[in-house]
Amino acid sequence: MSALLRVTGLAAGYGGAPVIDGVTFELDHGERIGVLGPNGGGKSTLFRVLLGELSPLRGSVESAGSFAFVPQTERSRLDYPVSALDVALMGTLSRRSWWRLAGRSERTFAREALARVGLEEKADVQFGELSGGQRQRVLVARALLQDAPVVLLDEPFTGVDAPSAELLEQLLADLAREGRGILIATHDLDQALAWDEVLCLNRHQVAFGRPAETLTRRVLEATYGGAIVPLPGEGDPVGILPAHHHHDHS
Amino acid sequence: MQRALLELVLVGVVGGVLGCWIVLYELSYSAESLAHSLFPGLVLAALLGFPLVLGGAIGVLAAAAAVALAARVPGIERDTSVAVVITSLFGLGVLLALTPATPPGLENLLFGDLLGVSRGDLVTAGALTGMVLLVLALLHPQLLAVGFDRTTARALGGRPLFTDLSLLALIAAATLIAVRGLGNLLVVAVLVAPAATARLLTSRLVPMMALASALAIGCGIGGLYLSYYAGTAGGASVAGLYVLAYLFARFARFSGRHSPSSNVARGGSPSGHTAGL
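Residues numbered from 1 in each chain as written. Chains lettered and ligands numbered in written order. Predicted model: local features only at pLDDT ≥ 70, side-chain atom pairs only at ≥ 80, totals over all residues.

Details of the overall build of chain B
Counting its regular elements, chain B contains 12 helices and zero strands. A compact globule built from 277 residues would reach a C-alpha radius of gyration of about 19 Å, and chain B, at 20 Å, matches this within 12%. Projected onto its principal axes, the C-alpha positions of chain B cover 65 × 55 × 35 Å. Across the 277 residues that make up chain B, the buried fraction comes to 47%. In chain B, once contacts between residues fewer than 6 apart in sequence are set aside, the share between residues at least 24 apart is 68%. (Helix = DSSP H or I, 4+ residues; strand = E, 2+ residues; numbered from the N terminus. Rg over C-alpha atoms; globule rule 2.2 N^0.38 Å. Buried ≥ 20, exposed ≤ 12 C-beta atoms within 10 Å, placed from the backbone. Contact = placed C-beta atoms within 7 Å.)

Rendered as structure tokens:
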């Protein structure tokens, strides 16, 4: 299979009506796909299915390898007694026998991963004492250590300061250049425009394709459900009124 | 006296190290329930003359089966049925232990008998302690990953169900180690209080475990001498000191936080808010 990931007609839910339906897309080597949609629209559900946490109701998922996952740091436990290095080291869990403690080589790799996200000096700082952006970068370092062909990121830019966001953007480009496939759930349309493809989800798949062609007004309306408001200025700019914030299933 | 001290060291080390995981995984109530639910098994073992470890193992399995059965009764909520089963089993055990027809000494399973610890008890406790510590060392990376972030743990190669079951089995083993000295009523004190105290004083895991063990052993020895010279019950004196230590640490942290000259740069308060951005 040439694609890293192929999803066909996927439907999944939590024991009632499906929360996502009709999801069909492909992820190739070196591609970055932006997963767009409102809160509760099914982005996290899709990720859960890909990670094997949730079984599909219909459809199929074919993947060439394992997945690394970078969750939102908003959900992290800040009171847990771990340092940034400890968290990064968790990424090496699957690469050694379950009973073995991390050895010196793993610690070295972990420090390198932290250096790659610009946090080598913070390796021994308690995870809960880092800023939101720094914590998100540690979670990315953890995913880097898993060395997986596909990387899933759940809204990695939310609540993150500008320098961290810039670094993250650079990292994603590097990972793509290495030939990995990346799926990023995001609310930032500008960002998504720079990536290879977009997948618009609002309980069902609204669209999938290259951003320039796919992100039309109609697609955005169907995806975000809220009002599209014309903004003053040249070139017919639009703004999207935020939909009501409600918790997605987590 | 020497045997009592050794028992306290073993109990202290297990309580300190395992206790940190119990506190981090929020299993304090489960530890309490588990300790009580295996009590009738211990009583029966003592009455019928077979090893306590066997009685404890049978007690845990019987309790698990009873809980599973009770969950099938229609119309009762799950936590109600669990509570009814645990309380009934515990009550049954207490009945057996305290009736006049029972040979004397059995009530010590309930209240503890630090000074009556035999050489055989110590050997068993020592072996169990070694086993518990070894398993905790082997499971350390799993426990760390699963406790930190359960949903991502599986993607990382963690095994949450296996980790949960292992912790429960270790709590059962720790109960067996501590029941001779502290009694079934107060076993949970050594599993929760020293670790909870250590957590107030440090935010790094290995120092937390070391501190919890030191506190558990220190309060244990203190309690033993207190009961010897003041004539108070052994297990209760020890448990009383554990609680006092916790209250002291809590007060110290509270006043430290509110004094104007203190540096309140503490990361990771239990409410989960991070310090600064």
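Resuming the write-up.
Side note on the sheet that holds strand E4 (residues 58–63) of chain A
All names here are of chain A. Overall, antiparallel pairing links the three strands, which are arranged E2-E1-E4 in an open sheet. Where the open sheet ends on each side, the last strands, each with one partner, are strand E2 (20–27) and E4. Going from strand to strand, the sheet's axes swing by 15 degrees on average, the running direction of each strand aside. As paired strands, strand E1 (residues 5–12) and E4 are joined by five bridges and run antiparallel to one another. Across the sheet, Leu 5 pairs through a bridge with Ser 63, a residue of E4. (Pairing = 2+ DSSP bridges. Axes fitted to C-alpha atoms, helices over the stretch in contact; angles between N-to-C directions.)

Quick word on the packing of helix H3 (residues 39–48) of chain B against helix H5 (residues 78–98) of chain B
All names here are of chain B. With their axes 7 Å apart at the nearest point, H3 and H5 run at an angle of 25 degrees to one another. Considering their axes alone, H3 and H5 lie roughly parallel with respect to each other. Handedness of the crossing formed by H3 with H5: left-handed. Packed against H3, whose contacting residues are Phe 39, Pro 40, Val 43 and Leu 47, the element H5 presents Leu 89, Phe 90, Leu 92, Gly 93, Leu 96 and Ala 97 at the interface. (Parallel < 35°, antiparallel > 145°, perpendicular 65-115°, else oblique. Left-handed = near helix turned anticlockwise from the far one by under 90°.)

So, the confidence of the model for chain A
Mean pLDDT over chain A: 86, with 90% of residues reaching 70 or higher. Here residues 245–250 of chain A scores under 50 on pLDDT; set against residues more than four positions off or in separate chains, the count is 11 contacts. (pLDDT = per-residue confidence, 0-100.)

A closer look at the sheet that holds strand E3 (residues 32–36) of chain A
All names here are of chain A. Strand order in this open sheet of six strands is E5-E6-E7-E3-E8-E9, and the pairing throughout is mixed. Both outer strands of the open sheet, strand E5 (67–70) and strand E9 (205–209), are each paired with one neighbouring strand and no more. Pairs of neighbouring strands in the sheet enclose a mean axial angle of 15 degrees, with direction left out of account. Against the sheet, helix H1 (residues 43–51) touches E3, E5, strand E6 (150–154), strand E7 (181–185) and strand E8 (197–201), its axis set at about 150 degrees to E6. Strands E3, E8 and E9 of the sheet are contacted by helix H8 (residues 217–224), whose axis makes an angle of about 135 degrees with E9.

Here's the deal with the domain arrangement of chain A
By domain assignment, chain A separates into domain 1 (1–65 + 149–250) and domain 2 (80–146). Element by element, the count of residues in the side of domain 1 of chain A that touches domain 2 of chain A is highest for helix H5 (residues 162–177) of chain A, at four residues. (Domains from an automatic or database assignment.)

Quick notes on the nonpolar core
Ranked by size, the top nonpolar core spans 155 residues in total, and within it Ala88(A) and Cys20(B) carry the most contacts. With 13 residues, helix H1 (residues 2–24) of chain B is the single largest residue contributor to this core. Two domains share this core, each providing at least three of its residues, namely domain 1 (1–65 + 149–250) and domain 2 (80–146) of chain A. Residues in contact with Ala88(A), not counting those within four places in the same chain, are Ala110(A), Ala113(A), Leu114(A), Val138(A), Ala141(A), Arg142(A) and Leu145(A). (Core = buried A, V, L, I, M, F, W, Y, C linked by C-beta atoms within 7 Å.)

Observations concerning the packing of H1(B) against helix H10 (residues 187–201) of chain B
All names here are of chain B. It is the contact of H1 with H10, at a shortest axis distance of 7 Å, that shows an interaxial angle of 70 degrees. Comparing their axes, H10 and H1 come out roughly perpendicular. Along this stretch, H1 crosses H10, giving a crossing that reads as right-handed. The segment H1 lies against H10, with Val 11, Gly 15, Gly 16, Leu 18, Gly 19, Cys 20, Ile 22 and Val 23 engaging Val 190, Leu 191, Val 192, Pro 194, Ala 195, Ala 196, Ala 198 and Arg 199.

Focus on the interface of chain B and chain A
In this assembly, 30 residues from chain B lie in contact with 28 residues from chain A. Looking at the side of chain B that touches chain A, the elements that each hand over two or more residues are helix H7 (119–148), helix H8 (150–156) and helix H11 (205–230) of chain B. It is H7(B) that contributes the most residues to the side of chain B that touches chain A, eight residues altogether. Of the residues contributing to the side of chain B that touches chain A, the split by class is 13 nonpolar, 14 polar and three charged. (Nonpolar A, V, L, I, M, F, W, Y, C, P; charged D, E, K, R; others polar.)

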